[in-house]
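These are the residues of each chain, in order.
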Amino acid sequence: MSEDRFAELERRIAHLEGRVDTLGPPRRPLESPALTTAATSMLRQAKEEDKLGTVGYVGAARLAGGESLWDRQHSLAELLSADWAPVADILESLGSQPRLALLAALIRQGRCTTTDLQGSLGGDGEQTTSGQLYHHLRALQSAKLITQRRRGAYELAPQAMIQVLTILAAAFDLANDPPLGPQTDLPSPE
């Protein structure tokens, strides 16, 4: 191996080691006995009924729009056999940092004007044109994630708040949490 190649490898290893040191100790999940009990019960039921299982989500929020509690669950067989085209459209509309910044502003503040929303896009030093702002707002509106109550005033669609918060929490976990364990093969949907 050449000295240049060896030096490059040493540099890359040092860089990776430096990144690991800045991460700090691994995050511990919040203790939630009620959720663990519910998940254990869902697994027990799936085993008893010889089914794939259930996926669910629960939450509570106190935001500008008021207080909300929710719990939903879906059979995995039903979920895996569903038409995912509408799901892809929603996920695509969420797939950009400016749109996520707009949603964050609407979740935090409730109803926002286009001026407020324009400000939420310029936080990282980038200038966003009004054309770009309206492009992102139209995409979120067509996915039925936000509504326009009057000219220049937007809010998170009431029927979308719970699901958007759940999607964001799950995506946050995917991006930041270490893997939960070895991958296992799933049985085929019924």
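As the structure is a prediction and not an experimental result, all values here were calculated from the model.

Thresholds, definitions, all that
Residues numbered from 1 in each chain as written. Predicted model: local features only at pLDDT ≥ 70, side-chain atom pairs only at ≥ 80, totals over all residues. Heavy atoms only, no water. Helix = DSSP H or I, 4+ residues; strand = E, 2+ residues; numbered from the N terminus. Buried < 20%, exposed > 50% of the residue type's maximum accessible area, 1.4 Å probe, protein only. Areas by Shrake-Rupley, 256 points an atom, 1.4 Å probe, with all protein chains shown as cover. Pairing = 2+ DSSP bridges. Contact = heavy atoms within 4.5 Å. Axes fitted to C-alpha atoms, helices over the stretch in contact; angles between N-to-C directions. Parallel < 35°, antiparallel > 145°, perpendicular 65-115°, else oblique. Nonpolar A, V, L, I, M, F, W, Y, C, P; charged D, E, K, R; others polar. Salt bridge = Lys/Arg side-chain N within 4 Å of Asp/Glu carboxyl O. Patch = residues over 30% accessible without salt bridge, like charges linked within 9 Å, V, L, I, M, F, W, Y side chains within 5 Å.

(A) Region of the structure containing the overall build of the protein chain. Looking only at helices and strands, the protein chain has eight helices and five strands in total. Taken over 190 residues, the protein chain has a buried fraction of 22%. Working note: accessible area of the protein chain is about 14400 Å², and carbon and sulfur atoms make up 55% of it.

(B) Here's a closer look at the pairing of strand β2 (residues 66-75). Bridging between strand β1 (residues 54-63) and β2 involves ten bridges; their strand directions are antiparallel. Opposite Arg62, over in β2, you have Glu67 as the bridge partner. Counted along the chain from β1 to the antiparallel partner β2, the turn is two residues long.

(C) Representation of the side chain of Ser68. If you trace the backbone, Ser68 turns up in strand β2. When near neighbours in sequence (up to four residues on either side) are disregarded, Ser68 contacts Gly59, Ala60, Ala61 and Met161.

(D) Summary view of the sheet that holds strand β4 (residues 146-150). Reading across from one edge, β3-β5-β4 is the order of the three strands in this open sheet, with antiparallel pairing throughout. The open sheet is flanked by β3 (112-113) and β4, the only strands paired with a single partner. Both β4 and strand β5 (residues 153-156) contribute to a ladder of four bridges, which runs antiparallel. Bridging across to β5, Gln148 finds its partner in Tyr154. Packed on one face of the sheet, helix α5 (residues 97-109) meets β3, β4 and β5 and runs near 85° to β5.

(E) How the structure looks around the packing of α5 against helix α7 (residues 130-142). Running from N to C, α5 and α7 point in directions that differ by 75°, and their axes come no closer than 10 Å. When the axis of α5 is compared with that of α7, the two are roughly perpendicular. Here Pro98, Arg99, Leu102 and Leu103 of α5 lie close against α7, whose contacting residues are Leu133, His135, His136, Leu137, Ala139 and Leu140. Across the contact of α5 with α7, the residue classes tally to seven nonpolar, two polar and one charged.

(F) Inspection of the pattern of salt bridges at higher detail. Counted under the stated rule, the structure contains three salt bridges. One salt bridge connects Glu67 with Arg62, and the closest N-O pair in it is separated by 3.4 Å. A salt bridge links Glu155 to Arg149; its shortest N-O distance comes to 2.5 Å. If you follow the salt bridges from partner to partner, you end up with Arg111, Arg149 and Glu155 in one network.

(G) Molecular detail of the side chain of His136. Mapped onto the fold, His136 is located in helix α7. By relative accessible area, which is 11% here, His136 ends up buried. Residues within four places of His136 in sequence aside, it is in contact with Ser96, Pro98, Arg99 and Leu102.

(H) The arrangement of unusual backbone geometry in detail. Backbone geometry places Asp50, a non-glycine residue, at a positive phi of 50°. Take Asp50: it is sitting in the loop between α2 (33-48) and β1. Overall, Asp50 belongs to the exposed group, its relative accessible area being 65%. Despite not being glycine, Lys144 shows a phi value in the positive range, around 60°. As for its placement among the helices and strands, Lys144 is situated in the loop between α7 and β4.

(I) Geometry of a nonpolar patch on the surface. On the surface, Val55, Leu79, Leu80, Trp84, Val87, Leu91 and Ile167 cluster together to form a nonpolar patch covering roughly 560 Å² of accessible area. If you trace the backbone, Val55 turns up in strand β1.

Everything listed is a geometric property; what it means functionally is a separate question.
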